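# Tertiary structure, described
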Amino acid sequence: ATFAVGESVIIPDRYREEYHHFVGSELDSLSQVPYSMNEKSALLTVVPQVAELVAGGKLKLSDTVGDLLETEVSDASLTVGQLLDGYKDAANAGYLKTLLEKYRSYISIDGVTKQMLGKMGMRSTELIPAVSDGGIPQVTTTGYDYQKYLFTLGNGGKYAGDQVISASAAELVIGVLQEAK
């Protein structure tokens, strides 16, 4: 729902009480402590961007690394779907980055990530550019900011009225998250 300036919403007492106990609590302060996403950084960088290429029809989940990159590598039979599901693996994340560089070379991975995070109000999230050519950007975030990301995915890719990521790509990323559990 969207609200006009000055509009308010009435929150039932039971929720106000829960919120009151959360604000200023240890849990509240812990949700604002920065932490490194490490191998999960791909989830905030290359995964949603490759998901957009799939949603836009430029890639298919069944396309293989060998066909897309026109190369003979030991992982040539891996599909885009398998790469997304295994995004925590450094090699898979590297292939996802390579696919972005080949099929969407006109814009940087870092630039798209910064724009996406900014649109979601993830102000405590920091993007650290990749150190090596094969690496992906690393992300340091907070629990509070990460919840904004999850909310956006679950809200059809929208945050604060902006379509940050397409609904189809958001659905695909949610599937990747559920597969990882």
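Keep in mind it's a predicted model, so treat the numbers as computed, not measured.

## Focus: the pattern of salt bridges
- Tallied over the full model, the rule gives 3 salt bridges.
- E101 is paired through a salt bridge with K97; the nearest N and O atoms lie 3.8 Å apart. Of this pair, E101 and K97 both sit in helix α7 (residues 90-103), separated by 4 residues, roughly a single helical turn.
- Taking the relative accessible area as the measure of exposure, E101 reaches 42% and is therefore partly exposed.

## Overview of unusual backbone geometry
- With a phi angle near 50°, N38 is a residue other than glycine that sits in the positive phi range.
- Looking at where N38 falls in the secondary structure, it is placed in the loop between β1 (35-36) and α3 (41-44).
- One non-glycine residue, A160, adopts positive backbone phi at about 50°.
- For A160, the location among the structural elements is in the loop between β4 (158-159) and β5 (162-163).
- Taking the relative accessible area as the measure of exposure, A160 reaches 70% and is therefore exposed.

## Description of the packing of helix α4 (residues 46-55) against helix α8 (residues 109-119)
- Between α4 and α8, the least distance of the axes is 10 Å, while the angle of their chain directions is 100°. For the element pair α4 / α8, the angle class is roughly perpendicular. Facing α4, whose interface residues are V46, P48 and Q49, α8 presents I109, V112, T113 and M116.

## A word on the packing of aromatic side chains
- Applying the stated rule across the entire model yields 2 aromatic pairs.
- Here Y146 and Y149 contribute two aromatic rings whose centre-to-centre distance is 6.1 Å and whose plane-to-plane angle is 35°, an arrangement assigned as tilted. Here Y146 and its partner Y149 are both found in helix α9 (residues 143-154), 3 residues apart, which amounts to about one turn of the helix.
- Owing to a relative accessible area of 14%, Y146 belongs among the buried residues under this scheme.

Quick notes on the rules
Residues numbered from 1 in each chain as written. Predicted model: local features only at pLDDT ≥ 70, side-chain atom pairs only at ≥ 80, totals over all residues. Heavy atoms only, no water. Salt bridge = Lys/Arg side-chain N within 4 Å of Asp/Glu carboxyl O. Helix = DSSP H or I, 4+ residues; strand = E, 2+ residues; numbered from the N terminus. Buried < 20%, exposed > 50% of the residue type's maximum accessible area, 1.4 Å probe, protein only. Axes fitted to C-alpha atoms, helices over the stretch in contact; angles between N-to-C directions. Parallel < 35°, antiparallel > 145°, perpendicular 65-115°, else oblique. Contact = heavy atoms within 4.5 Å. Phe/Tyr/Trp six-rings, centres within 6.5 Å; stacked < 30°, edge-to-face > 60°.

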